[in-house]
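An overview of the molecular structure
What follows is the residue order along each chain.
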Amino acid sequence: MTFQKLLVNFNYVVAATLFLIGLYCVMVKSNLIKKFMGLNIMETSVFLLVVSTGWVRGGKAPIMVGVSEKASFVNPLPQALILTGIVVAVSTTALALALMIKIYERCGTLDAEKLKGME
Amino acid sequence: MSIVRHFPILVVVVPLAGAAFTPLLALWRKKACMLFATAVILLTTVISGFLMVRVLIDGPVSYHLGGWPPPWGIEIFLDQLSAGAFVIASLSLLIIIFSKRYVEKALEENKIPVYYTLVVLNVAGMIGFVVTGDMFNLFVFMEILSLSAYALVAIGGEKIAEMASFKYLLMGAISSLCILLSIALLYSVLGTLNMRDMAVRLQELSSLTVPGVALALFMVSFFVKAAVFPLHVWLPDAHAIAPSPISAILSGLVVKTGIVGILRVLSIYRIYGGLFDLASLNFILSWVGAISIIIGAFFAFFQNDIKMMLAYSTISNIGYIILGIGLASTNGLIGSIVHVFNHALIKVTLFLCAGAIIHKTGHRNLSELRGIGRRMPLTMAAMSIGILSIVGIPPTNGFVCKWYIVLGAIQARKFFFAATLLIGALLILGYYAKIINIAYFREPEEEVTYDEAPFSMLIPIGILAASCLLLGIFAFYPLKFIRPFAEELLRPWGP
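Note that the coordinates shown come from a computational prediction; the quantities given were computed from them, not determined experimentally. (Residues numbered from 1 in each chain as written. Chains lettered and ligands numbered in written order. Predicted model: local features only at pLDDT ≥ 70, side-chain atom pairs only at ≥ 80, totals over all residues.)

The helix and strand inventory of chain B stands at 20 helices and 2 strands. Taken over C-alpha atoms, the radius of gyration comes to 22 Å for chain B, in line with the 23 Å a tight globule of 495 residues would show. With the C-alpha coordinates of chain B rotated into their principal frame, the extents come out at 75 × 60 × 40 Å. Going through the 495 residues of chain B one by one, you find that 61% of them count as buried. (Helix = DSSP H or I, 4+ residues; strand = E, 2+ residues; numbered from the N terminus. Rg over C-alpha atoms; globule rule 2.2 N^0.38 Å. Buried ≥ 20, exposed ≤ 12 C-beta atoms within 10 Å, placed from the backbone.)

Here it is as structure tokens:
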């Protein structure tokens, strides 16, 4: 029974796993680019979770044709939210990569342990 | 007039559009950017001042974006806390006027238009953050203000500026992500994003597991934004390394958005007497606040860099605010919220004075600032008023709110915290006395002559110091203004 429950909510399980993988990268990896890739994985997992909440099994795209439509619809709001979320994630990544280029130019390394010594 | 009806959205749109047009203007004429940014923020200040008066007279104002009514459309909801928009706009106006001469010296010429663009964008994000009534909107504005803040930390290009900015970005991005996650969790069980609607639907919920997880994530994430101990590690470097006007914006205003976020979340959960019994959250808030006060003051005591000292002092003052919220008594809450505004004013004063000193002398270590009281008497006079305010000596504005927080602790029968507040005030007095001592009473190594900062710096500093005193003497008005909000927050849920 539990196994079946897991299978039905497969996307939530994947989201949680991805979140933890990303968190591991952020905390353990010492290369700044790898750290940030971990953050991107975490972001992806949250996006997956949000889109999953709006999904309805067998649901259609929410385009109303006529009033007497009885079929169930997929909630479009989480998708719209996540589009905004992706834009935010992209701009954060762009800024972080620009900062990393500057750090590399100045210090010649992206290793967090070595950078700590240079401060 | 029909335009007046749209003021609640114009207060966000004007700076947002201003930020978009500043780089375009820079293509034509670089010098015009400063004037344009000043004009944009001035217009925003006028609009937000008008809105504040309207809230004062009529009470909270609700504005529906695009004419869609609230549970479906995005709502702009102006309550007493949203009056922060006026504080943000007016303080940024003074900061922009101050930065004209400062950035000419501190930044390379091609960075100056970028600087003004980012400042105006940051202001747009902060104002949007305090006026919105929609949870996802809150997240978007938070990202606008955070991203511009990360970039502003790095703009000075000093030795570790990029590293400080990266540290800030990494912690900030993770906390933003957790806020998005908790918004998603709340949305999945409540099916709405409007804050007031969320508060209603939360009371009808039978299982509280998901909202509980969301609340924990919200709190921890906003602790990062507000730099509450032990999540403050990004703050000292980022605030000390940024150009001084930016330090003023970051320390005075950006950090406060974390507190506003906490208050907004609390207004959804109705913690003090709603369905949740979250005495344990208040317990955590008050302890974390008390520890922040002591730790911040302790580290500030051993700093030699004047801006580093001010940065640690911010941590300690955020501790006061968090402790006041955690006390869950009317007086404590009123004191906390008024301290959000008053500390913004005081910290901006202090950072701008420090900026004027750094601009004129090029020194930022306390030991090199001997005799500064004779060299720059006006700046130091303003700084002394700021110092008296932040320590909380009457009749300055810092006294009133700290007094109210202590009253709140006594009202809640938590005498230990009242004692912590007083000890914290003594520690703060200790390290600020160091600045006064060095500026006025230590003999300088070489002869000092009168050499005051330019007028475009002195005027904002003078206005700020005067308002520190005025808001101390007329302290009754902000307290009275914020009282309805605090009472609404403490009111148990139900008709």
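Turning to helix H19 (residues 455–473) of chain B, a few remarks are in order. Residues and elements named next belong to chain B. When the terminal C-alpha atoms of H19 are compared, their 27 Å separation across 19 residues agrees well with the 27 Å that a helix rising 1.5 Å per residue should span. Of all the positions in H19, only Met457, Pro460, Ile461, Leu464, Ala465, Cys468, Leu471 and Gly472 are classed as buried. One side of H19 carries all its buried residues, which in axial view fall inside an arc of 130°. H19 presents Phe455 and Ile473 as exposed residues on the side facing more than 90 degrees away from its buried surface. Packed against the buried residues of H19 are helix H4 (84–106), helix H14 (330–361), helix H16 (377–391), helix H17 (397–411) and helix H20 (476–490). (Expected span 1.5 Å × (residues − 1). Arc of directions from axis to C-beta. Contact = placed C-beta atoms within 7 Å.)

Residue-level contacts link 24 residues of chain A with 22 residues of chain B. Elements supplying a minimum of two residues to the side of chain A that touches chain B: helix H3 (32–53) and helix H4 (77–107) of chain A. A per-element tally of the side of chain A that touches chain B places H4(A) first, with 12 residues. Residues of the side of chain A that touches chain B, tallied by class, amount to 14 nonpolar, 5 polar and 5 charged. (Nonpolar A, V, L, I, M, F, W, Y, C, P; charged D, E, K, R; others polar.)

Residue and element names in this part refer to chain B. Cis geometry marks the peptide bond from phenylalanine 229 to proline 230; its omega dihedral reads 0°. Positionally, proline 230 belongs in the loop between helix H9 (209–226) and helix H10 (235–241). In this chain, proline 394 is followed by proline 395 through a cis amide linkage whose omega measures 5°. With respect to the element layout, proline 395 can be found in the loop between H16 and H17. Unlike most non-glycine residues, alanine 227 shows phi in positive territory, near 60°.

Residue and element names in this part refer to chain B. Among the nonpolar cores identified, the biggest contains 215 residues, and Ala37, Ala85, Val120, Ile127 and Val153 are the most heavily contacted of them. Among the elements that line this core, the one with the most residues is helix H7 (residues 161–190), at 21 residues. Among residues more than four places away in sequence, those in contact with alanine 85 are Val11, Ser48, Leu51, Ile127, Val130 and Val131. (Core = buried A, V, L, I, M, F, W, Y, C linked by C-beta atoms within 7 Å.)

In a regular helix each residue adds 1.5 Å, so 31 residues correspond to 45 Å; H4(A) covers 45 Å between its end C-alpha atoms and thus fits that length. All buried positions along H4(A) are accounted for by A:Pro78, A:Leu81, A:Ile82, A:Gly85, A:Val88, A:Ala89, A:Thr92, A:Leu95, A:Ala96, A:Leu99 and A:Ile103. Contacts made by the buried residues of H4(A) are with H3 of chain A together with helix H6 (135–155) and H7 of chain B. Remark: A:Gly108 follows H4(A) within two positions and exhibits a positive phi of approximately 75°.

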